[in-house]
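# Structural characterization, general
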Amino acid sequence: RITRCLEALGYPMEANETAHEYATRIGGEVEVTTESIYLRDLADIFARASYSREQIPAEECALMEACYQELLLRLAERMSKPKYFWNHYILLRF
């Protein structure tokens, strides 16, 4: 969900790019103010959640959700209300 928000904000993920590579590439361009976490930190959480049997702590899940909510707010500010509604609730793009 976070990568779809970032793509909608103009930062698409390149083909065959890992989450770490993506976070490194756009990390200097996109700041996430939630809890002073960096995109590469979110990429680490994503990688652990996706590729290990490790249980992700609730605090880290909450950080991911807070980042997602922050990005949704940015999209809502940049788009007209009908366009945001259509893309978020009807098309489920982000």
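Refer to the structure above for everything that follows.
In this text, all values refer to a predicted model and were calculated from it rather than measured experimentally.

## Observations concerning the overall build of the chain
Along its length, the chain carries five helices and zero strands. Put simply, the chain runs from its N terminus to its C terminus through helices and strands in the order α-α-α-α-α. Whereas a compact globule of 94 residues would reach a radius of gyration of roughly 12 Å, the chain reaches 14 Å, a difference of no more than 12%. If you line up the chain on its principal axes, its C-alpha atoms span 40 × 30 × 25 Å. Here the analysis covers contacts within the chain between residues at least 6 apart in sequence; of these, 46% occur between residues at least 24 apart. With an accessible surface of roughly 6500 Å², the chain has 53% of that area assigned to carbon and sulfur atoms. Both charge centroids of the chain, one from 11 positive and one from 15 negative side chains, sit 8 Å from each other.

## Here we look at the packing of aromatic side chains
Applying the stated criterion to the full structure yields three aromatic pairs. The interplanar angle of 40 degrees and the centroid separation of 5.7 Å between the aromatic rings of Tyr 84 and Phe 94 together place this pair among those described as tilted. A residue pair is termed long-range when its members are at least 10 positions apart, and Tyr 84 in helix H5 (residues 81-90) and Phe 94 in the segment after H5 qualify at ten residues. A single burial state applies to Tyr 84 and to Phe 94, both of which are buried. Ring centres of Phe 85 and Tyr 89 lie 5.2 Å apart, and the angle between their planes is 40 degrees; on these two criteria the pair is classed as tilted. Separated by four residues within a single helix, Phe 85 and Tyr 89 lie in helix H5, roughly one turn from each other.

Rules used throughout
- Residues numbered from 1 in each chain as written.
- Predicted model: local features only at pLDDT ≥ 70, side-chain atom pairs only at ≥ 80, totals over all residues.
- Heavy atoms only, no water.
- Helix = DSSP H or I, 4+ residues; strand = E, 2+ residues; numbered from the N terminus.
- Rg over C-alpha atoms; globule rule 2.2 N^0.38 Å.
- Contact = heavy atoms within 4.5 Å.
- Areas by Shrake-Rupley, 256 points an atom, 1.4 Å probe, with all protein chains shown as cover.
- Lys, Arg positive; Asp, Glu negative; His and termini not counted.
- Charge placed at Lys NZ, Arg CZ, Asp CG, Glu CD.
- Phe/Tyr/Trp six-rings, centres within 6.5 Å; stacked < 30°, edge-to-face > 60°.
- Buried < 20%, exposed > 50% of the residue type's maximum accessible area, 1.4 Å probe, protein only.

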